[in-house]
Amino acid sequence: MWCLELLLPLLLIINDASCQWNVWVPRDISAMTNSCVVIPCTFMYPSGIRPYRGIHGIWYFGQPYPQLFPPVVFKSRTDVVHESYKGRTKLLGDLHQRNCTLLINNIGTEHSGRYYFRADLGGANMYTYPDYAELKVLDQPNIDVPEEIVSDESLELTCYAPDNCPDMTPEIQWMYTDYLPDPEFSSDYLEESNTAVLSNTLTFTPRPMHNGQLLGCRVYYPNTTLVYERLISLDIKYAPRSVWVNVSSEVMEGSSVTLHCEVDSNPPSRISWMFGDQELLWDTASNVSLSLDDVTPANEGIYTCVGNNGYGVMNTSLYLAVKYPPREPTVNNSMTVLEGTSLALHCSTQGSPAPTLTWLKDGELVGTITADELSVLEIMEITPQGDGQYRCLAENEHGRASSSLNITVEYAPVLLEESKCTVVREGVQCVCMATGNPEPTIEFYLPDLNITINETDGRYNFYTHTDGHTSTGMIKLREKGERVDNGGPAVNVHCSIYNMYGRESVLLELQQEKKYMMAVIVGTIGGVAVIAFIIAAVRYVGHNNKKENGNPRQDVVLENPALYYSAVKKDKQNLRKKVLKTELLGSKFNSILEETTGEDGDYQPVGSMAGLERQELNYAALEFIGARPREGASGRGDDGSNYTEIKAK
């Protein structure tokens, strides 16, 4: 306040004879509630006016014009003031010294407003100055907070307390600074326009973690109960410091998935979901969720969440894997190739996880199993056995799929070992078998007769048959051919096979010597066995007849030869049945021999078996003991035994 005492004489010296009504008061002044305030004031009036009965002054609140009846704050002539100012105001200045300084005690917030001074020099010399002092009564201190607080940049916060009450001097103290990194404090005293302000400045470097934290400034007057506090919440701007998204995940094709993204920043960031270079969704918020419905393999890939709030940019990515069964593999088209060609069969597919690819030929595994989306089966110099269906099978844990192709191998005819000529009942039968693709054409050539036999020739019972790539041709020659030195028939038959890739002609071998040797052996053994069986059977019949006639040593007289012949004939029929049974056994033996040797069982029988095939048994050896022989029909054997010959008619 000592400055005010120096200022007033200076203003009086500056006053000149311009004689203008003028006043000087601070435009703004502040005070704390329940404290006091001094409003400095000096005034001037025209020099030609002589005060009448002294100089008086009046302070108005709110309005400068008396006719509007503003509240009277102070009046030097009387103590009549507005009720709210009773006992609170006092004029500190000397009006005769043109000092109109006013003191207001125990002020409240209701006293905030404009204060006008009116000079009363007596008579009509009264004047209300239009200039005013605006009082602000504070119930808490002011904190000067920058418009923008940026993380990691030094920050200064200043707390102000007015010091316009001469009897009390305030003190300032910061609250809740323990968590601040290395805070610094500095005090200052500001005086402007005869108003004083005490300040205290807090300096520190904020971090993102301090955003939203509380800081406080306390103003108190020592030796009083007057305490004033103000709290602020730090609004610290910082770039995105974390971007949280789902962990990378796997989903099945056709399902739904939601991707979440949260960004820690101040102010909130513009959050965008990116798939490659495509922006799928954005919003200014603290979190954004992206929903994907009915996902397909096209949705698989890297999804990036980007946060940008003007103070910085940050992003985080995740990988979304879409699982699905293998697609139908893509393979080569079916093809027809020439024997000896090398091939490369390609099979490609898609699946997640990557499928295994397996090549199968006619259901059998070929090649190796490949755990990839591409498999190549290489076939070097393909043979006719490579002909068939090739299938590529793709499998993973979610399913399987396959595709097939057919490979047709074309090749020149090949004669099969079954081709030969054999002797049959009707003559000679020649068979020619060959395989090839296209199916080979078969012709027979008889060089001795200079005749070519093919399917257009019907003289030799020509027969052809095709089964797949195998062709069979057969002819029958009714003449067995001339005998050669070794006794066998001479056959000269050539088989000619051909298709578009080649021709071959081969002399067919006659497969008869081995067969007929075996037939002779079998026939001889069979004939001896049959004869032995017949002899044993005849003796068995004779022995039974002796037992039926009683004592074999007695003479027997045939009283009824016809009846006895009937019995013998019956035994003869039984004997024939046994002989026929033996023949059937011989035939079965012949069949077994054919299966063992692989030769045709149709052979010409030889030896004694040949006679048995065409003749019936028409004799029997009978022994008559003690019989009376008829004349001319009896005889004696070399051993002296009697016998009788019975002739069949």
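These numbers come from a predicted model, not from an experiment.

**Q** Sorry if this is basic, but what is going on with the overall build of the protein chain here?
**A** Of the regular secondary structure elements, the protein chain holds four helices and 44 strands. Looking at the protein chain as a whole, 38% of its 649 residues qualify as buried. Surface exposure of the protein chain reaches about 37,700 Å², of which carbon and sulfur atoms provide 49%.

**Q** I tried to follow the pattern of salt bridges on my own but got confused; where do I start?
**A** Side-chain pairing between opposite charges can occur once the charged atoms of the two side chains come close. Applying the stated criterion across every chain yields a total of eleven salt bridges. With a shortest N-O distance of 3.0 Å, E279 and R270 are connected by a salt bridge. The shortest N-O distance in the salt bridge between R400 and E395 comes to 2.3 Å.

**Q** Whenever I open this one, the sheet that holds strand β37 (residues 441-446) confuses me. Can you help?
**A** Strand pairing in a sheet relies on backbone hydrogen bonds. The paired strands run either parallel or antiparallel. Spatial ordering of the open sheet is given by β38-β37-β41-β42, a layout of four strands whose pairing is antiparallel. In the strand order of this sheet, the two ends are held by β38 (451-453) and β42 (502-507), each with one partner. Taken over all neighbouring pairs, the strand axes of this sheet differ in orientation by 20° on average, direction set aside. As defined by bridge partners, β37 adjoins strand β41 (residues 494-499) across five bridges and the pair is classed as antiparallel. Within the sheet, the bridge partner assigned to E443 lies in β41 and is S496.

**Q** What exactly am I supposed to notice about unusual backbone geometry here?
**A** Working note: non-glycine residues mostly have negative phi, and peptide bonds are mostly trans. Residues S352 and P353 are joined by a peptide bond in cis, for which omega reads 0°. In this model, N437 is joined to P438 through a cis peptide bond whose omega is 5°. In this model, F69 sits at a positive phi of 55°, which is unusual for a non-glycine residue. Within the secondary structure layout, F69 lies in the loop between β5 (56-61) and β6 (72-75). Judged by its relative accessible area of 72%, F69 is exposed. You will see that D294, though not glycine, has its phi angle at about 50°, which is positive. By secondary structure assignment, the location of D294 is in the loop between β24 (287-292) and β25 (301-308).

**Q** Could you clarify how one ought to interpret the nonpolar core in this entry?
**A** The biggest cluster of nonpolar side chains holds 30 residues, and the ones touching the most others in it are F43, W59, V73, C100, I104, Y115 and F117. Elements with a minimum of two residues in this core: β2 (28-32), β3 (37-39), β5, β6, β8 (102-104), β9 (113-120) and β10 (126-138). When neighbours within four sequence positions are excluded, C100 is seen to be in contact with V23, C41, T42, F43, W59, L91, L95 and F117. Among the nonpolar cores identified, the runner-up in size contains 28 residues, and L103, A161, L198 and Y228 belong to it.

**Q** What exactly am I supposed to notice about the packing of aromatic side chains here?
**A** How two aromatic rings sit relative to each other is given by the distance of their centres and the angle of their planes. Following the criterion strictly, the structure yields 15 aromatic pairs and no others. With a centroid separation of 6.0 Å and an interplanar angle of 75°, the aromatic rings of F444 and F462 are classed as edge-to-face. In this pair, F444 sits in strand β37 while F462 sits in the loop between β38 and β39 (463-467), placing the two residues 18 residues apart along the sequence. Here F444 matches F462 in class, with each residue buried. Grouped by ring-pair contacts, the aromatic residues W21, F43, Y45, W59, F117, Y127 and Y129 constitute a single cluster. Against the face of Y132 rests R27, its NZ or CZ located 4.6 Å from the ring centre. A cation sits over an aromatic face here: R270 above W282, 4.2 Å from the ring centre.

**Q** It is not clear to me how the sheet that holds strand β29 (residues 343-348) should be interpreted in this structure. Could you clarify?
**A** Strand order in the open sheet formed by three strands is β27-β29-β32, with antiparallel pairing between adjacent strands. The open sheet has two free edges, formed respectively by β27 (330-331) and β32 (374-379), since each of these has just one partner strand. Note: β29 against β32, six bridges, orientation antiparallel. Directly across from A344, in β32, lies its bridge partner E378.

**Q** Would you mind showing me how to read the side chain of S403 here?
**A** Its location among the elements puts S403 in strand β34 (residues 399-415). Using a relative accessible area of 8% as the deciding quantity, one classes S403 as buried. Of the polar contacts made by the side chain of S403, one reaches the backbone oxygen of P329; its length is 2.6 Å.

**Q** Any chance you could explain the pairing of β39 here in plain terms?
**A** Strand residues, when the strand is regular, have side chains that alternate between the two faces of the sheet. Two strands pair when backbone bridges link them, and β39 and strand β40 (residues 470-477) are joined in this way by five bridges, in the antiparallel orientation. Paired with T464 across the bridge in β40 is G473. Counted along the chain from β39 to the antiparallel partner β40, the turn is two residues long, and its residue G468 has a positive phi close to 70°.

**Q** I keep staring at the state of the cysteines and nothing clicks. Help me out?
**A** Here, disulfide denotes a covalent bond that connects the sulfur atoms of two cysteines. Following the criterion strictly, the structure yields seven disulfides and no others. The disulfide partner of C261 is C305, and the S-S distance across this bridge is 1.7 Å. Across the S-S bond of C261 and C305 the torsion is about -75°, and the bridge reads as left-handed. With C261 in strand β21 (residues 257-266) and C305 in strand β25, this residue pair connects regions lying 44 residues apart in the sequence.

Here is what the cut-offs are and how they apply
Residues numbered from 1 in each chain as written. Predicted model: local features only at pLDDT ≥ 70, side-chain atom pairs only at ≥ 80, totals over all residues. Heavy atoms only, no water. Helix = DSSP H or I, 4+ residues; strand = E, 2+ residues; numbered from the N terminus. Buried < 20%, exposed > 50% of the residue type's maximum accessible area, 1.4 Å probe, protein only. Areas by Shrake-Rupley, 256 points an atom, 1.4 Å probe, with all protein chains shown as cover. Salt bridge = Lys/Arg side-chain N within 4 Å of Asp/Glu carboxyl O. Pairing = 2+ DSSP bridges. Axes fitted to C-alpha atoms, helices over the stretch in contact; angles between N-to-C directions. Core = buried A, V, L, I, M, F, W, Y, C linked by side-chain atoms within 4.5 Å. Contact = heavy atoms within 4.5 Å. Phe/Tyr/Trp six-rings, centres within 6.5 Å; stacked < 30°, edge-to-face > 60°. Lys NZ or Arg CZ within 6 Å of the ring centre and 35° of its normal. Polar contact = N/O pair within 3.5 Å; in protein donor to acceptor, adjacent residues only side chain to side chain. Disulfide = S-S within 2.5 Å.

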